[in-house]
Amino acid sequence: MSFSHAQNLQSSEFNSEICIPYDFTLSKLFAQSSDPGGTDTIDFTARINRVDTAITCQITGGQTSKTDDVHTPTGLAGDSVSMKIVSSAGMPAWNPTSGTVHIECGNGKSFIGGGSSSASTTTTSYWNPNGGSSDTTLAFRDHPCPTGFTLERFYLKIETAPGAGNGWTFDILKNGVATAATFDITGTAKSGSITGLSVAFTAGDTMTVRRRVQSGTPTAYTGMAWGIGIAPDTPGEHIYMTTNTSTPTNTGVQKHCQIQGTQSDATDADAYSTDGVPRIDMVLKKFYGISTTAPGAGTTWQFWLNDGTDVQSAVTFTISDTATTGNDTSNTATLTAATDYTHVTYQATVGAPATSGKMLFGYVGFIAEAGGADAVPQCLEQYRTRRG
């Protein structure tokens, strides 16, 4: 599906890739940018294990988008996927500049992909399952699951091995408690995985990726990438998670990145939301949220999933007074292929809610495609770069 993972363009590829937990096929590359102008060009290439694939396209002066619907390279479980963006005029400064590519796992499978840069080598750290920055407080990365699924496998890679006598333990938490999805990466190893799992999650449960020191003092690394393989209770559903990592703002409408996690922004919709256009019609639904600090007596936050071109949809809920959670499991919104995009917006609609906590969201994107479960695109991987 779409918006499974978003990354800023990085000079280090390891900070801009994810592991895929099932065998997969890449297809439907869509690239977009502001017009590079003149004779300048921007080339987009999907890569597997840091090797260029045949799926590629080029935006030239006078153009703002390009597609490759012909090539369909394949990869194996545990392989990594990244997007290479090369500008003839150097690092692209145009905003937005992004490439999106389908990653289809087949057989009704889906996955939650994530990645991050380094974190402290001595402190237990937690991540949004869709990636982004870490936090040492579990509650700030304990994301709501918007639908039911079975956790089947977990793959993860780090850029630098822990070193002799040192090691990390990585695991996935459910409602703050460790699951069977756990493994160690020690010594000279740079990856770990576990398969054959059957851990049931239901709507409203929370999920977190955790990293702890297993032994010694592991060597610091500058990048990590993972993939969490899941079998949705409803084939065709995919889970997206995002975190407001900055202090919430209780004045005006705030726009927030559609997945992963970053600060909200009142005006720069391009930077945080427009660069993940799906190539297949998608239905947004099952929107869940957590505010780690209650709004306070007589105050209310309201949250929306936007559809179309920056329009607040019918998918919305409120969190008021002493409550810290909310959801909308009834309403839906449709994204039209190659036109629409989505992001989360929020606003203080009653009073001035407390702004001392974090906001965490989970929602479902559903794609139904003819041909049965094997034809359901399970994920549309997204990479982006933006100004600033």
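Scroll up a little and you will see the structure.
Since the structure is predicted, the reported quantities are computational estimates derived from the model, not experimental observations. Think of each chain on its own: its residues are numbered from 1, step by step along the sequence as written. pLDDT decides what is reported in this predicted model: residues at 70 or higher carry local features, side-chain atom pairs at 80 or more are listed and counted, and totals for whole chains, interfaces and linings draw on all residues regardless. Computation of side-chain values covers all heavy atoms of the structure but excludes hydrogens and water.

Draft legend 1. Geometry of the overall build of the protein chain. Tallying secondary structure elements over the protein chain gives 1 helix and 28 strands in all. Each residue is assigned to one of three classes by its accessible area relative to the maximum for its type, calculated with a 1.4 Å probe on protein chains only: buried under 20%, partly exposed between the two thresholds, exposed over 50%. Taken over 388 residues, the protein chain has a buried fraction of 58%. Note on definitions: a residue-residue contact is assigned when non-hydrogen atoms from the two residues lie within 4.5 Å. Summarising the internal contacts of the protein chain: among those between residues at least 6 apart in sequence, 78% fall at separations of at least 24. Comment: elements are numbered from the N terminus, with helices defined as DSSP H or I runs of at least four residues and strands as E runs of at least two.

Draft legend 2. Representation of the packing of aromatic side chains. Stacked, tilted and edge-to-face are the three classes assigned to paired rings of Phe, Tyr and Trp, where Trp is represented by its six-membered ring and a pair needs centres within 6.5 Å; plane angles under 30 degrees give stacked, over 60 edge-to-face, the rest tilted. For the coordinates displayed, the defined rule picks out 13 aromatic pairs. Three or more aromatic residues joined by ring pairs make a cluster, and in this case those are Tyr240, Phe287, Trp301, Phe303, Phe317, Tyr346, Phe361 and Tyr363. Sitting over a ring, as applied to charges here, requires NZ of Lys or CZ of Arg to be within 6 Å of the ring centre and within 35 degrees of the ring normal. The ring centre of Phe201 lies 5.5 Å from the NZ or CZ of Lys174, which sits over that ring. The ring centre of Phe140 lies 5.7 Å from the NZ or CZ of Lys358, which sits over that ring.

Draft legend 3. View of the sheet that holds strand S7 (residues 80–87). Paired strands are those between which DSSP finds at least two bridges. Reading across the sheet, the 4 strands line up as S1-S7-S3-S4 and stay open at both edges, with antiparallel pairing between neighbours. Of all the strands in the sheet, just strand S1 (17–19) and strand S4 (51–60) have a single pairing partner and so form its edges. Averaged over all neighbouring strand pairs, the angle between strand axes comes to 15°, with direction disregarded. Relative to S7, S1 is paired through 3 bridges, and the arrangement is antiparallel. Pairing of Glu17 across the sheet is with Ser82, part of S7. The axes are straight lines fitted to the C-alpha atoms, using for helices just the contacting stretch, and the angles between their N-to-C directions are given from 0 to 180°.

Draft legend 4. A look at the environment of Glu13. Looking at the element boundaries, Glu13 is found in the segment before S1. As a C-alpha pair, Glu13 and Glu159 span 146 residues in sequence and 9.9 Å in three-dimensional space. Filtering out sequence-adjacent residues up to four positions away, Glu13 remains in contact with Arg47, Arg50 and Ser82.

Draft legend 5. The arrangement of the nonpolar core in detail. Only buried residues count toward a nonpolar core. Its members are Ala, Val, Leu, Ile, Met, Phe, Trp, Tyr and Cys residues joined through side-chain atoms within 4.5 Å. Among the nonpolar cores identified, the biggest contains 26 residues, and Leu151, Phe154, Leu156, Phe170, Met207 and Ile228 are the most heavily contacted of them. Contributing elements (two or more residues each) for this core: strand S12 (149–158), strand S13 (163–174), strand S14 (177–187), strand S16 (199–201), strand S17 (206–215), strand S18 (224–232) and strand S19 (237–244). No other element matches the 5 residues that S12 contributes to this core. The contact partners of Met207, leaving out residues within four places of it in the chain, are Ile112, Pro129, Arg141, Asp142, His143, Cys145, Phe149, Ile172, Leu173, Phe201, Ile228 and Met241. If you look at the next biggest cluster of nonpolar residues, it comprises 21 residues, including Leu29, Ala31, Ile103 and Phe111.

Draft legend 6. Main features of the side chain of Asp68. Tracing the backbone shows Asp68 in strand S5 (residues 65–68). Here a polar contact is taken to be a pair of N or O atoms separated by no more than 3.5 Å, where protein atoms must pair a possible hydrogen donor with a possible acceptor and residues adjacent in sequence count only if both atoms sit in side chains. Reaching out from Asp68, the side chain makes a polar contact with the backbone nitrogen of Thr56 at a distance of 3.0 Å. There is a polar contact of 2.9 Å between the side chain of Asp68 and the backbone nitrogen of Val70.

Draft legend 7. Region of the structure containing the pattern of salt bridges. Salt bridge, as used here, is a side-chain nitrogen of Lys or Arg placed within 4 Å of a carboxyl oxygen of Asp or Glu. Applying the stated criterion to the full structure yields 8 salt bridges. For the salt bridge of Arg210 with Asp171, the shortest nitrogen-to-oxygen distance reads 2.7 Å. Here Asp171 lies in strand S13 and Arg210 lies in strand S17, a separation of 39 residues in the sequence. The pair formed by Arg210 and Asp171 is uniform in burial state, with each residue classed as buried. For Lys285, the salt bridge is made with Glu237, and the minimal N-O distance between the two is 3.2 Å.

Draft legend 8. The arrangement of the pairing of strand S2 (residues 24–32) in detail. Burial analysis of S2 places 7 of its 9 residues in the buried class, the great majority of the element. Bridge analysis of S2 against strand S6 (residues 74–75) gives 2 bridges, and the strand direction is antiparallel. Bridged to Phe24 within S6 is Gly75. In this structure, S2 lies alongside S5, joined through 4 bridges in antiparallel fashion. What sits directly across from Leu29, in S5, is Asp68.

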